[in-house]
Structure formats: C-alpha cells, structure tokens
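Residue strings, one per chain:
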Amino acid sequence: MRVGLYPGTFDPITLGHIDIIRRAASLVDKLVIGVAINRDKGPLFSLEERVALIEEECATLAQETGIEIVVHPFENLLISCARDVGAGLIVRGLRAVADFEYEYQMVGMNRQLDDEIETVFLMADAQHQAIASKLVKEIARLDGDVSKFVTPRVNSELIARFK
C-alpha cells in the first residue's frame, strides 16, 4: 500500500490545500494529512478546530476518490511523522519560486535523515497559486471577503472568529 503524507499547519485549510489533497489522492492508496502543532506560529484555530475542519472538508473527497484520507496531528520532525504513519512519500504544494527554495532545502535535509522517503512537489492550480492561509486570515481580520479562497464552512468559521 502506497501511503503519502501531506503536512502543513492548515490554519485554516484553503481551496489551494484542497486542490493539492485532491491531486495527491490520485498518487497514493492512503493519504495522511499531517497537521503540524507549531506553537511558534500562534495559530488562529486550535489544533482540534483545524483537525475537525480538515476532516469535514476531506470526507466528501475521500468518498469521491475512494482513497482513505486520515488526519494526523504531529509535533515531531516531519521525517519522523512520515515513519510513524508508514508514509513512503511526502507531498508538498508549491505556489511560487520562493516556496521552491525553502522546500529544496527541506528535501535535502530529509534525504539525509531518511533516503527511502521521497518528496513529491505538486504545483497549485493557477487559480489557487496566490492563496496563502496567512493572507486569508489577514483579509478576514480586516473584514474582507475570503469566500473565493476557502470553502463555505471555513468562511463561516473565519467570519465568526473575527466578529
């Protein structure tokens, strides 16, 4: 069974993330969405809220694709998380050249830690390339419309959070 791991903070999950999840699901038999517990970033949504939103957004996708999609919080090294969930493949989404420079360094370090775990880069669809969770939160905080960047459920949560 080919297991893939798509890690991130998903604070909140966006249409860009969902696009990558949908496309990653076609590459594996099981996709684990690794939700990073990154206390330094000070997430807007709690870990439990992020996990619940991802599970809700991925339920239909799992049914459509027939792929098992599991949400797994983690606070250890990415490569350790990959080992923990039995992933032989790490999926990373790229939006721009700046993303590639950081990701390139990460792959190099991860290969030094475990050269049997591959990393695959998926480019975000053109309509989603500018979407970043950080920008979505900033727009929502300033009472802007983020409905083009997130699902209706996530949009409702953002509106409620900033009221």
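In this numbering scheme, every chain counts its residues from 1 along its sequence in written order. Note on the predicted model: pLDDT of at least 70 is required for a residue's local features to be given, and 80 or more for side-chain atom pairs to be given and counted; whole-chain, interface and lining totals, by contrast, use all residues. Hydrogens and waters are ignored; side-chain quantities use all the structure's heavy atoms.

A.B. asks: Mind showing me how you'd approach the overall build of the chain here?
C.D. replies: The number of helices and strands found in the chain is six helices and five strands. Under the DSSP-based scheme used, a helix requires at least four consecutive residues in state H or I and a strand at least two consecutive residues in state E, with every element numbered from the N terminus. Helices and strands in the chain line up, N terminus first, as β-α-β-α-β-α-β-α-β-α-α. In summary, the chain has a C-alpha radius of gyration of 15 Å against a globular reference of 15 Å for 163 residues, a match within 12%. Partly exposed residues are those whose accessible area sits between 20% and 50% of the maximum for their type, while under 20% is buried and over 50% is exposed, using a 1.4 Å probe and protein chains only. Counting all 163 residues of the chain, 44% fall into the buried class. Two residues qualify as a contact provided that any one of their heavy atoms is within 4.5 Å of a heavy atom in the partner residue. A fraction of 76% describes how many contacts in the chain between residues 6 or more apart in sequence connect residues 24 or more apart. Here the open area of atoms and residues is found with the Shrake-Rupley method and a 1.4 Å probe, where only the protein chains shown may cover a residue. Total accessible area computed for the chain in this model is approximately 9,000 Å², and 51% of it derives from carbon and sulfur atoms. With C-alpha atoms as the basis for the radius of gyration, the globule rule is written as 2.2 Å multiplied by the number of residues raised to the power 0.38.

A.B. asks: Looking at this structure, how should I read the pairing of strand E4 (residues 89-94)?
C.D. replies: Taking burial as the measure, the six residues of E4 include five buried ones, the bulk of the element. Whether two strands pair comes down to DSSP finding at least two bridges between them. Where strand E1 (residues 3-8) meets E4, two bridges bridge the pair, whose relative direction is parallel. Residue pairing for E4: Gly-4 is matched across the bridge by Leu-89. Pairing of E4 with strand E5 (residues 118-123) involves six bridges; the strand directions are parallel. Residue pairing in the sheet places Arg-92 in a bridge with Phe-121 of E5. By convention, a crossover is right-handed whenever its connection, traced from the first strand over the helix to the second and viewed with the strands pointing away, goes clockwise. Handedness of the crossover joining E4 and E5 through helix H4 (residues 97-113) is recorded here as right-handed.

A.B. asks: Teacher, can you tell me more about the sheet that holds E5 here?
C.D. replies: Through backbone hydrogen bonds, the strands of a sheet pair up, either in parallel or in antiparallel fashion. Taken in spatial order, the five strands of this open sheet run E3-E2-E1-E4-E5, and their pairing is parallel. Looking along the sheet, the strands with just one partner apiece sit at the ends: strand E3 (68-74) and E5. Here the average twist between neighbouring strands, direction ignored, is 30°. Between the N-to-C directions of two axes lies an angle of 0 to 180 degrees, each axis being a line fitted to C-alpha atoms and, for a helix, fitted only over the stretch in contact. Each of E1, strand E2 (30-36), E3, E4 and E5 is contacted by helix H1 (residues 15-25), which is oriented at about 125° to E5, the strand it contacts most. Most of the contacts of helix H3 (residues 78-85) go to E1, to which it runs at about 145°, and overall it touches E1, E2, E3 and E4.

A.B. asks: Looking at this model, I keep getting lost on the packing of aromatic side chains. Mind explaining?
C.D. replies: Aromatic rings from Phe, Tyr and Trp, taking only the six-membered ring of Trp, are treated as a pair when their centres fall within 6.5 Å; an angle between ring planes under 30 degrees marks them as stacked, one over 60 as edge-to-face, and anything in between as tilted. If you walk through the whole model with that rule in mind, you get three aromatic pairs. Aromatic side chains Tyr-6 and Phe-10 sit 5.3 Å apart centroid to centroid with 75° between the ring planes, which places their arrangement in the edge-to-face category. Residue Tyr-6 shares its accessibility class with Phe-10, and that shared class is buried. Counting every residue linked through ring pairs, the aromatic cluster contains Phe-100, Tyr-104 and Phe-121.

A.B. asks: Would you mind going over unusual backbone geometry with me for this structure?
C.D. replies: Excluding glycine, most residues fall at negative phi; most peptide bonds, likewise, are trans. Going from Asp-11 to Pro-12, the amide bond is cis rather than trans, its omega being 0°. When you line up the elements, Pro-12 lands in the loop between E1 and H1. We note that Phe-10 has phi near 50°; this positive angle belongs to a residue other than glycine. Within the element layout of this structure, Phe-10 appears in the loop between E1 and H1. Residue classification places Phe-10 among the buried residues on the basis of a relative accessible area of 3%. Positive phi, close to 65°, is recorded for Asp-143, a residue that is not glycine. In this structure, Asp-143 sits in the loop between helix H5 (133-141) and helix H6 (152-162).

Scope: geometric values only; no functional claims are made or implied.
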